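# Fold and geometry: a report
In case you want the letters, here they are:
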Amino acid sequence: MPKKKTPRNAFYFFMLDYKARCERNGERFPNGLRDVQLEAGPEWNVLPANEKKKYEDMAKEEKARLKGDSSNKLTCWHTPYKVVDDEKDEEERFKNEMNSYIENTVSSLASKKLLAEHKFYLVHVNYFCKTEGECFHPAELAVSEFSLAEGIIDVYSTIISPGNIPLGYRHDAMQNAEKSHKIPIDDNGGEKNFYNILIAVKNILQRGRASNGGMYPPMYTMPDNVSLNTSISAVRSVMKNLLSSDTEDYDENMFKIYSLEKLFLELRQACKKLSESEEDDAEAAIPAMSIARTELEKDVFNFIPNIACPQFHYDEEAVEYCSKSYVQRWVYLICDHCCGPLDITIVQGKHIPLNADVNFQKKKLEEKKETEVCKPITWVDHSKVSASASTWVPKEQAPLPRPQRQSNISQMLPPRNEYGYSSEDFPSIPLGRGRGRGTPRGNGRGNSPLSFAAATRK
């Protein structure tokens, strides 16, 4: 197998150009590019970036030539590699943009008052099925508006009529509905006009445009997880379909859908920085995204009553899958973590559920402090303590209980003959097998079972 060629870098092509230029002036290089490297190196180091770009482009062309044109190569799913690479680059770019926006937004709220009064928006979507082209057919949508100071400000939720499910996907849609939200496909009384839903979403986001430079603020949700019934892909697909219903003012980038995990992580760290107390472990910052994800996945307010929409979910015992319940439970969890460090008064039904204990966190901290009070340590030098001075006395062991009457084992066993055999050792086996089936055999008694007495006879 021929050895794979390594593509040359930009400096190699610069050396070729440098060598040709010097040879035209009569200079010679006996050792070839080895001598050229020593002379061209210092000049390459001070070469301006715009002049280096020519040689860098030559190196890229060389690399592409050796690698081959990937635009015509297909994956096992018959997708061009170039399309896959472009999608990865776009996803990475969007992730960096999202992280930068969330970090800059939270860091700009440099005081307790600004952080507490800033409004955030959460979104959740239930869907029936996913068809080709990453198109999700929605069943329910909910958006909540909240701030740390006010808790839940407003909630919008609606059941959505999916219309005609594409051919071949109806079974998947029915199975998905049965496993999660229990919303029927036909005659669910949902909204059929996507434009009306779009107007309602814009209205709830309207109050956040002032703090976002006139643009609609982003909405936050959890990543794709079938077991948790969350999907950021479904939210993006449904929002794109809602925006396409507005033919006059269509902008597919009007709504940004960002990670709730990242928002929760940054809010918790910001609360720790702004908190005056630095001793309470409950106010410790969350160190990593994985821990923020774990806290959200715990979903400690999962079965809180009276926060889900009454239609379908209560009758079918699917309260925890309701989109309206999701966007409120997430607010409760964030407020439960962040309101304490900011000295915000907890209000039932706004920051935590109606039946929750407002002073739970305070009681928990007081109990923890009481248990952590250090008791004085008494040091004992056992080398100076004599054996006679020891007050330890071994406890006498109580006798083991015995049965009141000894059982006669011989009475429990079947009777045995003089040779020590019983009838259980020789079960009855019918004779007369094979070609002699039904003919007298062995003991001259036909195919009758061999008796225990005959088997033990001498």
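One structure accompanies this document, and this report is about it.

### What to know about the pairing of strand 1 (residues 120-131)
Among the twelve residues in strand 1, eleven count as buried, and that is most of the element. Counting the residues that bridge the hairpin from strand 1 to strand 2 (residues 135-147) gives three residues, and of these Gly133 lies at a positive phi of roughly 80°.

### Comments concerning the packing of aromatic side chains
Under the definition given, this model contains 15 aromatic pairs. Following the ring pairs from residue to residue traces out a cluster consisting of Phe11, Phe14, Tyr18, Trp44 and Tyr55. Positioned above the aromatic ring of Trp44, the side-chain terminus of Lys52 is 4.9 Å from the ring centre. Here Arg209 stacks its cationic end above the ring of Tyr216, 4.3 Å away from the centre of that ring.

### Looking at the nonpolar core
With 37 residues, the main nonpolar core has Leu115, Leu148, Tyr220, Leu260, Leu267 and Ile334 as its most contacted residues. Contributions of two or more residues to this core are made by helix 4 (81-108), helix 5 (112-117), strand 1, helix 9 (260-274), helix 10 (289-298) and helix 11 (323-338). Looking at this core, the element that brings in the most residues is helix 11, giving eight residues. Excluding residues that lie within four positions of it along the chain, Leu115 makes contacts with Leu109, Leu148, Leu267, Ala270, Cys271, Leu274 and Leu342. Membership of the second largest hydrophobic core comes to 27 residues, among which are Ile160, Met219, Met239 and Met254.

### Describing the pattern of salt bridges
Counted under the stated rule, the structure contains 20 salt bridges. Arg21 is the salt-bridge partner of Glu43, the closest N and O atoms lying 3.2 Å from each other. With Glu43 in helix 2 (residues 33-45) and Arg21 in helix 1 (residues 10-24), the pair connects residues that are 22 residues apart, well separated along the chain. Its salt-bridge partner being Arg93, residue Glu90 comes within 2.4 Å of it at the nearest N-O pair. Taken as a pair, Glu90 and Arg93 lie in helix 4 at a separation of three residues, close to a single helical turn. On the basis of relative accessible area, Glu90 is assigned to the partly exposed category, the value being 40%. What you see here is one network of salt bridges that share partners, running through Glu90, Arg93, Glu97 and Lys256.

### Concerning a negative patch on the surface
Residues Asp85, Glu87, Asp89, Glu91 and Glu92 make up a contiguous surface patch of negative charge. For Asp89, the position within the fold is in helix 4.

### Side note on unusual backbone geometry
Phi at Lys182 is positive, roughly 65°, even though this residue is not glycine. With respect to the secondary-structure elements, Lys182 resides in the loop between helix 6 (170-179) and helix 7 (194-205). Given a relative accessible area of 23%, Lys182 falls into the partly exposed group. Positive phi, normally seen in glycine, also occurs at Asp299, with a value near 50°. Relative to the helices and strands, Asp299 resides in the loop between helix 10 and helix 11. Asp299 gets classed as buried once you look at its relative accessible area, which sits at 15%.

### Quick word on the packing of helix 9 against helix 10
Contact pair helix 9 / helix 10: the axes reach a minimum separation of 9 Å and the direction vectors enclose 110°. As the angle between them shows, helix 9 and helix 10 are arranged roughly perpendicular. Taking contact as the criterion, the partners of Leu260, Glu261, Lys262, Phe264 and Leu265 in helix 9 are, on helix 10, Met289, Ala292, Arg293, Glu295 and Leu296. A class-by-class count of the residues in the contact of helix 9 with helix 10 yields six nonpolar, no polar and four charged.

### Quick look at the packing of helix 1 against helix 2
Interhelical geometry of helix 1 versus helix 2 gives an angle of 105° and a closest axis separation of 9 Å. Accordingly, the angle class assigned to the pair helix 1 and helix 2 is roughly perpendicular. Where helix 1 abuts helix 2, its residues Ala10, Phe11, Tyr12, Phe14, Met15, Leu16, Tyr18, Lys19 and Arg21 lie against Leu33, Val36, Gln37, Glu39, Ala40, Gly41, Glu43 and Trp44. For the contact of helix 1 with helix 2, the per-class residue count stands at eleven nonpolar, two polar and four charged.

Basis of the calculations
Residues numbered from 1 in each chain as written. Predicted model: local features only at pLDDT ≥ 70, side-chain atom pairs only at ≥ 80, totals over all residues. Heavy atoms only, no water. Buried < 20%, exposed > 50% of the residue type's maximum accessible area, 1.4 Å probe, protein only. Helix = DSSP H or I, 4+ residues; strand = E, 2+ residues; numbered from the N terminus. Pairing = 2+ DSSP bridges. Phe/Tyr/Trp six-rings, centres within 6.5 Å; stacked < 30°, edge-to-face > 60°. Lys NZ or Arg CZ within 6 Å of the ring centre and 35° of its normal. Core = buried A, V, L, I, M, F, W, Y, C linked by side-chain atoms within 4.5 Å. Contact = heavy atoms within 4.5 Å. Salt bridge = Lys/Arg side-chain N within 4 Å of Asp/Glu carboxyl O. Patch = residues over 30% accessible without salt bridge, like charges linked within 9 Å, V, L, I, M, F, W, Y side chains within 5 Å. Areas by Shrake-Rupley, 256 points an atom, 1.4 Å probe, with all protein chains shown as cover. Lys, Arg positive; Asp, Glu negative; His and termini not counted. Charge placed at Lys NZ, Arg CZ, Asp CG, Glu CD. Axes fitted to C-alpha atoms, helices over the stretch in contact; angles between N-to-C directions. Parallel < 35°, antiparallel > 145°, perpendicular 65-115°, else oblique. Nonpolar A, V, L, I, M, F, W, Y, C, P; charged D, E, K, R; others polar.

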